[in-house]
Amino acid sequence: MYTELNSILSSTPDSFTQGEFILVSDRQSDASFLIHHFLSFYLRARCRVCFLGLVQSFSHYNAVSQRLGVSLAQAKEKGQLIFLEGLTESLSFLIPQETSTESQAMDFLRDPTVSLRHLYEFIRTSVSSSGGGGEGGAEEWGPPVLMVDDLSVLLSLGVSTGAVLDFSHYCHATVCSQLQGNMVMLVRCSEEEEVDDGDDEGSERLLRGLTHRCSLTLHVQGLPTGYCRDIHGQVEVCWRRRQGDAQNTQRKLFQYKVNDKGASFFARGTSSAVL
Amino acid sequence: MLSELLQGADTGGFLIIQDSTNCSGQHLLTSFISAVLNRDEFVHVLGFEISEEELRDGLKGSPTQRLHFHNGFTDPLGWTNHPAFTVHQFNLEELTHIVKQTSQLKPATLIINSLSWILRHVSPSAVCKTLQQLKKGGAVRTIIGLLHADMHQKGTVGSVCHLASSVITVAPGMKADEAVAKITKRSKSGKVMQDEEIFNIKEDLTVIVQSKPSQTGSKQPDPEEQEMDPTANLTFNLRLSDTEREAKEKLALPFMFSKEKKTALLHSSPGSGRILYEPDANDDYDQEDPDDDLDV
């Protein structure tokens, strides 16, 4: 959890807006540090988190979170974190073993033309079962949070953009609207700025479709001037929800540097290496 | 022209609000709903992108008893087995049925939020056909639809917009609370009018049209361009005050030849010294070559 980012977004683990859909995207850069931020943020906020880790293994996320002061393994044991490890899950789905209980969540792998309905149903049952808690003396958790790292992997696996948009619509309706929880999704854009209009499928269209629906976007880009040792890139924060009289989107641009145990955000040109 | 459209003068109209990721048309659509509700007309909302609570929350202050929400938000594809309204119900029979159910006498206004959602699941030709039938059908007085133009191919956007009697394209304005609306309106006689207006939406959803940018399209200079004025932050003064100018004009510069200076130089005053020169024999003065003595 990066406190500087918290003050930019004016949220703390004790008080944050509920029902928000946060879209994290990157182009020619890596936005996964924001995913780690939000993961540790919501775990500290005592939310029940459902994490769809399609890119890395659980131990990777655990190792990074440990540095940020949150133990994923503990959270998982307590039932606070529900972690769908896409890598092992898909392997056990494609090479079924007798011992493993096969879940339907990844069934789009067999036939990418089907919708992501089973994946959604997995999420719905895991986020809405928060009240009861199977184990005795289960702790009470806050509003549910769904995190996806990242949606573009689904595109690479052959799922159409429309199907991913439908999936995120259902997640939005269930998590943000019905349960008043939050949702964080990461989308990676292709390296090229913009493909031609005729290109129907692709991460650009996915990003546009999700941007229309979200309440906050964090877009991470590399520096337009190229590589720099002291500034890792810039992040554009954009509030899309109506705030007071400002009906349009409100944008702010920051440059950032990711450190070992945190990240610093500063206004353009005010890096400590420059001043 | 925007306020005319909000008043909803003509029946049988089909209005499209086109937006992009830069500027959302959702608020303008809510303003339109509020304007229709304030005229005591029935409103049917096909809501795919916004939940009923969120819509009613946004419409606080407007009379919502004539608002009928058809929930396509929670389950638009029938994944959870009890869908309220699915995207596949978007056809003439179903729509006429649900509209007639509640407002028997007066034709109602149909709000589609959004057309993009439907176009993702129903073929464009089927959508156009349904829209055309609805326009002619009589059950619906006006259709207002939101369309995310950057989500579709240009051809699809074009063919849907051809059906519309008015198209409002919203774009971000200069200031944070302003937006620009480009309006194309086709009247029944076939005349096409185009206009561009800057508007903002107040807390109570009333639309304030601020000004009309001139027809020639001379836009206000970009804020960046204004900042580029090189004389803005100089450390010295570029302009003169009147007294400064007077003083400057009074000053005689050394190279300027006034009359006094000339006479002073030519006619020396009596009593001052004069130089008399009488060439002696050594002075070999050659009229032809006065510079003979110089070693050139």
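Placed above this text is the structure.
A brief report on the enclosed structure follows. Keep in mind the model is a prediction, meaning the values are calculated, not measured. (Residues numbered from 1 in each chain as written. Chains lettered and ligands numbered in written order. Predicted model: local features only at pLDDT ≥ 70, side-chain atom pairs only at ≥ 80, totals over all residues. Heavy atoms only, no water.)

For the rest of this paragraph, the subject is a negative patch on the surface. Together, Asp280(B), Asp283(B), Asp284(B), Asp286(B), Glu288(B), Asp289(B), Asp291(B), Asp292(B) and Asp293(B) line one region of the surface with negative charge. Mapping Asp280(B) onto the fold places it in the segment after α10 (259–266). (Patch = residues over 30% accessible without salt bridge, like charges linked within 9 Å, V, L, I, M, F, W, Y side chains within 5 Å. Areas by Shrake-Rupley, 256 points an atom, 1.4 Å probe, with all protein chains shown as cover. Salt bridge = Lys/Arg side-chain N within 4 Å of Asp/Glu carboxyl O. Lys, Arg positive; Asp, Glu negative; His and termini not counted. Charge placed at Lys NZ, Arg CZ, Asp CG, Glu CD. Helix = DSSP H or I, 4+ residues; strand = E, 2+ residues; numbered from the N terminus.)

We now examine the sheet that holds strand β3 (residues 67–71) of chain B. All names here are of chain B. Pairing is mixed across the open sheet formed by 9 strands, whose spatial order is β3-β2-β4-β5-β1-β6-β7-β8-β9. Only two strands of the sheet have a single neighbouring strand rather than two, namely β3 and β9 (207–211). Neighbour-to-neighbour, the strand axes of the sheet open up by a mean angle of 25 degrees, direction not taken into account. Note that strand β6 (residues 166–172) and strand β7 (residues 179–186) share 7 bridges and pair antiparallel. In the sheet register, Val167 faces β7, and the bridge partner there is Thr184. (Pairing = 2+ DSSP bridges. Axes fitted to C-alpha atoms, helices over the stretch in contact; angles between N-to-C directions.)

The next subject is the interface of chain B and chain A. Each partner contributes residues to the interface: chain B has 41 residues there, and chain A has 33 residues. Of all residues in chain B, the largest losses of buried area upon contact with chain A belong to Thr21(B), Trp79(B) and Met151(B), amounting jointly to 27% of the total for that side. At the junction of chain B and chain A, the tally comes to 1 salt bridge. For the salt bridge of Arg120(B) with Asp166(A), the shortest nitrogen-to-oxygen distance reads 2.3 Å. For the pair chain B and chain A, the number of links is 15 residue pairs in polar contact (both at pLDDT 80 or more). Sorting the residues of the side of chain B that touches chain A by element identifies α5 (115–121) and β8 (192–201) of chain B as the ones contributing at least two each. Tallied by class, residues from the side of chain B that touches chain A come to 13 nonpolar, 16 polar and 12 charged. (Contact = heavy atoms within 4.5 Å. Buried area = accessible area lost by both parts, 1.4 Å probe. Polar contact = N/O pair within 3.5 Å; in protein donor to acceptor, adjacent residues only side chain to side chain. Nonpolar A, V, L, I, M, F, W, Y, C, P; charged D, E, K, R; others polar.)

This next bit is on helix α4 (residues 92–102) of chain B. All names here are of chain B. Within the sequence span of α4, burial applies to Leu95, Ile98 and Val99. Burial along α4 is one-sided: seen end-on, the buried residues are contained in an arc of 95 degrees. Where the residues of α4 are buried, they touch β2 (43–47), β3, β4 (108–113), α6 (124–137) and β5 (140–148). (Buried < 20%, exposed > 50% of the residue type's maximum accessible area, 1.4 Å probe, protein only. Arc of directions from axis to C-beta.)

So, about the nonpolar core. Within the largest apolar cluster, 74 residues are counted, with the highest numbers of intra-cluster contacts made by Leu146(A), Leu151(A), Phe167(A), Leu46(B), Ile112(B), Leu115(B) and Leu131(B). Examining the composition of this core, we find that 8 residues originate from one element, helix α8 (residues 161–178) of chain A, more than from any other. Not counting chain neighbours up to four residues away, the residues in contact with Leu151(A) comprise Val164(A), Phe167(A), Met185(A), Leu186(A), Val187(A), Leu206(A) and Leu210(A). Counting residues in hydrophobic clusters, the runner-up holds 43 residues, among them Met1(A), Phe33(A), Leu72(A) and Val237(A). (Core = buried A, V, L, I, M, F, W, Y, C linked by side-chain atoms within 4.5 Å.)

Residue and element names in this part refer to chain A. Taken as a whole and assessed by the stated rule, the structure comprises 15 salt bridges over all chains. Between Glu204 and Arg27 there is a salt bridge whose closest N-O contact spans 2.8 Å. One end of the pair, Glu204, is in helix α9 (residues 203–211); the other, Arg27, is in strand β1 (residues 21–27), and 177 residues separate them in sequence. By relative accessible area, which is 9% here, Arg27 ends up buried. One salt bridge in this structure joins Asp260 and Arg67, with 2.9 Å as the shortest N-O distance. Residue Asp260 is located in the loop between β8 (250–258) and β9 (263–267), and its partner Arg67 is located in helix α3 (residues 58–67); the two are separated by 193 residues in the primary sequence. Since its relative accessible area comes to 44%, Arg67 is described here as partly exposed.

Right, let's talk about the pairing of β9(A) for a bit. All names here are of chain A. Here β9 lies mainly inside the structure; 4 of its 5 residues are buried. Bridge count for β8 against β9 is 5 bridges, and the pairing is antiparallel. Bridged to Tyr256 within β9 is Phe265. The hairpin formed by β8 and β9 contains 4 residues between the paired strands.

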